[in-house]
Amino acid sequence: MTDVELRQLRYFVAVAEELNFGRAADRLLIAGPSLSQQIKALERDLGVRLFDRDRRSVALTPAGAALLPHTRALLERADDLRRRAGRLAGSEAVRLGYVNWLPADLTSRTAGVAQVHVDAWVAPSHTQAARVADGSLDLAVCWVRDADLKRHGLRARLLGADRLYAVSTGTDTGDVRARDTSVLLDDDTNSWSSWNDYAEQLAHDTGARVVPISDGGITGPAFFDHVRRSRRPVVNSPKGQTTSLPSDLVRREIAEPSVHWTWSLVWRESETRTAVLAAVDALCDGVGDLGVRALDAWLPEGDPHR
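Residues numbered from 1 in each chain as written. Predicted model: local features only at pLDDT ≥ 70, side-chain atom pairs only at ≥ 80, totals over all residues. Heavy atoms only, no water.

K.L.:
Just to check I follow, could you spell out the UniProt feature "domain: HTH lysR-type" (unreviewed entry) in the protein for this structure?
P.N.:
UniProt marks residues 4–61 with the feature "domain: HTH lysR-type" (unreviewed entry), using the numbering shown here. Annotated as residues 4–61, this span is 62% helix and 10% strand, and its ends, taken at the C-alpha atoms, are 19 Å apart. (UniProt positions renumbered as here; feature names shortened; annotations may be inferred. Helix = DSSP H or I, 4+ residues; strand = E, 2+ residues; numbered from the N terminus.)

Written out as structure tokens, the structure is:
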């Protein structure tokens, strides 16, 4: 049995199905004499005769008929093993969407398990979560709440987190209490739905002051203009975390509590593809709590990592 090859077993199945060496050889794209020799070698290695054959006909022997279903099952398992190995080798494509942040080492962490293609459409969190739910994406890095996961049939694991800070005029760079900050809410709910929900909960829980705006100034130059007009430090959104500040503004850490924004990796509850699930593990295993479960950390109610 140690010399039996899967190739020979495939030859056996082909001959058994065709009951004709010529047709089986054509199907397998090999020469007839070579096929006959391989079947003889298989019979020798197995120690049984698989076919009764003469110049006019080919028939399975009782031993051949008994072994045929087991051979088919073995080949199916071998094919399944090959598919799984291919996925683990990173041959299967996985589509990933995001909002504005991705791990810097995403490619190296997933290279061994899947070909992760980052979708070019950068969209708000609620849009990317919905795209995973409808199958447009396999994974997304976005901000979600428990209610979003339940509504869309998704699961989530913690992938990243930002500790938000405030931006202020003046020269004081000391910590500022959350209740002494302002937080902007934009009336463009299509673009800023997730941020508005977060900001409203932050104001409710900490006493921060809500400032309604209508100019898209959650980020960019318009945000800095709002800071200049404000008498309070203004909470910076996750989309502005890495933006350089103008020379007339300063960064101040938010305390009592420290304010955190989480980035979840989300996928469908019904997902069964090995490459997708392996990519989730490759990206999220070992991430830790990223400080979001510290005693002084604040996350909004309904955050899946709270």
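Structure's up, so let's keep going.
K.L.:
Would you take a moment to explain unusual backbone geometry for this structure?
P.N.:
Peptide bonds are trans in most cases, and residues, glycine excluded, mostly fall at negative phi. Following Glu-256, the chain continues to Pro-257 via a peptide bond in cis, the omega torsion being 5 degrees. Within the fold, Pro-257 resides in the loop between β12 (249–255) and β13 (258–268). The phi angle at Leu-29 is positive, at roughly 60 degrees, despite the residue not being glycine. Following the sequence through the fold, Leu-29 ends up in the loop between α2 (21–28) and α3 (32–46). Exposure remark for Leu-29: the relative accessible area of 77% places this residue in the exposed category. For Leu-290, which is not glycine, the phi dihedral falls at a positive 55 degrees. Turning to its location among the elements, Leu-290 is positioned in the loop between α10 (274–284) and β14 (297–298). The class for Leu-290 is partly exposed, based on a relative accessible area of 38%. (Buried < 20%, exposed > 50% of the residue type's maximum accessible area, 1.4 Å probe, protein only.)

K.L.:
It is not clear to me how helix α8 (residues 189–206) should be interpreted in this structure. Could you clarify?
P.N.:
Residue pairs three or four apart in sequence face the same way in an α-helix, which turns once every 3.6 residues. Most pronounced at Trp-195, the bend in α8 amounts to some 40 degrees. All of the buried residues in α8 are Trp-192, Ser-194, Trp-195, Asn-196, Tyr-198, Ala-199, Leu-202, Ala-203 and Thr-206. Buried-residue contacts for α8 involve α6 (125–133), β9 (182–186), β10 (209–213), β11 (234–235), β13 and β14. The N-cap residue of α8 is Asp-188: its side-chain oxygen and the backbone nitrogen of Asn-190 are 3.3 Å apart. (Bend = angle between axes of the 7 residues up to and from the residue. Contact = heavy atoms within 4.5 Å. Polar contact = N/O pair within 3.5 Å; in protein donor to acceptor, adjacent residues only side chain to side chain.)

K.L.:
Even after reading the chapter, I still don't get the packing of α2 against α3, so can you show me in this structure?
P.N.:
Pairs of packed helices are described in terms of their axes, by the angle between the two and the distance that separates them. The geometry of α2 relative to α3 is characterised by a closest axis approach of 9 Å and an angle of 100 degrees between their N-to-C directions. When the axes of α2 and α3 are compared, the pair comes out roughly perpendicular. Of α3, the residues touching α2 (which contributes Phe-21, Ala-24, Ala-25 and Leu-28) are Gly-32, Leu-35, Ser-36 and Ile-39. Its residues assigned to classes, the contact of α2 with α3 comprises 6 nonpolar, 2 polar and no charged. (Axes fitted to C-alpha atoms, helices over the stretch in contact; angles between N-to-C directions. Parallel < 35°, antiparallel > 145°, perpendicular 65-115°, else oblique. Nonpolar A, V, L, I, M, F, W, Y, C, P; charged D, E, K, R; others polar.)

K.L.:
Just checking my understanding: could you explain the state of the cysteines for this structure?
P.N.:
Two cysteines whose sulfur atoms are joined by a covalent bond form what is called a disulfide. Under the definition given, this model contains 0 disulfides. As a non-bridged cysteine, Cys-142 has Cys-284 as the owner of its nearest cysteine sulfur, 12 Å distant. Classification of Cys-284 as buried rests on a relative accessible area of 5%. (Disulfide = S-S within 2.5 Å.)

K.L.:
Help me understand empty space enclosed by the protein in this model?
P.N.:
By rolling a water-sized probe across the atoms, one finds the places where empty space is left. A complete count under the given rule lists 2 cavities of 30 Å³ or more for this structure. Estimated volume of the largest cavity: approximately 120 Å³. Considering the residues around the largest cavity, the lining is formed by 13 residues, among which Val-99, Trp-192, Trp-195, Lys-239 and Trp-261 are closest to the centre. For the lining of the largest cavity, the elements supplying multiple residues, two or more each, are α8 and β13. Among the elements that line the lining of the largest cavity, the one with the most residues is α8, at 4 residues. In terms of residue class, the lining of the largest cavity is built from 7 nonpolar, 5 polar and 1 charged. Considering the residues around the second largest cavity, the lining is formed by Tyr-165, Ile-218, Thr-219, Gly-220, Phe-223, Phe-224, Asn-236, Gly-240, Thr-243 and Leu-245. (1 Å grid on protein atoms, 1.4 Å probe; cavity = no way out; pocket = protein on both sides within 12 Å on 5 of 7 lines; lining within 4 Å. Points joined across faces, edges and corners; volume = space filled by probe spheres on them.)

K.L.:
Got a minute to help me understand the pattern of salt bridges in this structure?
P.N.:
Pairing is possible between side chains that carry opposite charge, provided their charged atoms lie close to one another. On inspection of all chains with the given rule, the structure shows 24 salt bridges. Arg-27 is the salt-bridge partner of Glu-18, the closest N and O atoms lying 3.2 Å from each other. A cluster of three or more residues bridged by salt bridges with shared partners is formed by Glu-17, Glu-18, Arg-23, Arg-27 and Arg-72. (Salt bridge = Lys/Arg side-chain N within 4 Å of Asp/Glu carboxyl O.)

K.L.:
Can you walk me through the environment of Ile-30 in this structure?
P.N.:
Assignment of secondary structure puts Ile-30 in the loop between α2 and α3. In sequence terms Ile-30 and Tyr-11 are 19 residues apart; their C-alpha atoms lie 10.0 Å from each other. Contacts of Ile-30, omitting those with residues within four sequence positions, involve Tyr-11, Ala-25 and Leu-35.

K.L.:
Whenever I open this one, the packing of aromatic side chains confuses me. Can you help?
P.N.:
Remark: the centre distance and the inter-plane angle together describe each pair of aromatic rings, the angle taken between the planes. Within this structure, the stated rule accounts for 11 aromatic pairs. Ring plane angle 70 degrees and centroid distance 6.2 Å describe the contact between Phe-21 and Phe-51, whose orientation is recorded as edge-to-face. Of this pair, Phe-21 sits in helix α2 while Phe-51 sits in strand β1 (residues 51–53), and the two are 30 residues apart along the sequence. Like Phe-51, Phe-21 is buried. Look at Trp-143 and Tyr-198: their rings are 6.0 Å apart centre to centre, the planes differ by 85 degrees, and that puts the pair in the edge-to-face class. You can see Trp-143 sitting in the loop between β5 (139–142) and α7 (146–152) and its partner Tyr-198 sitting in helix α8, a full 55 residues away along the chain. The class of Trp-143 is buried, set by a relative accessible area of 3%. Tyr-198 gets classed as buried once you look at its relative accessible area, which sits at 0%. (Phe/Tyr/Trp six-rings, centres within 6.5 Å; stacked < 30°, edge-to-face > 60°.)

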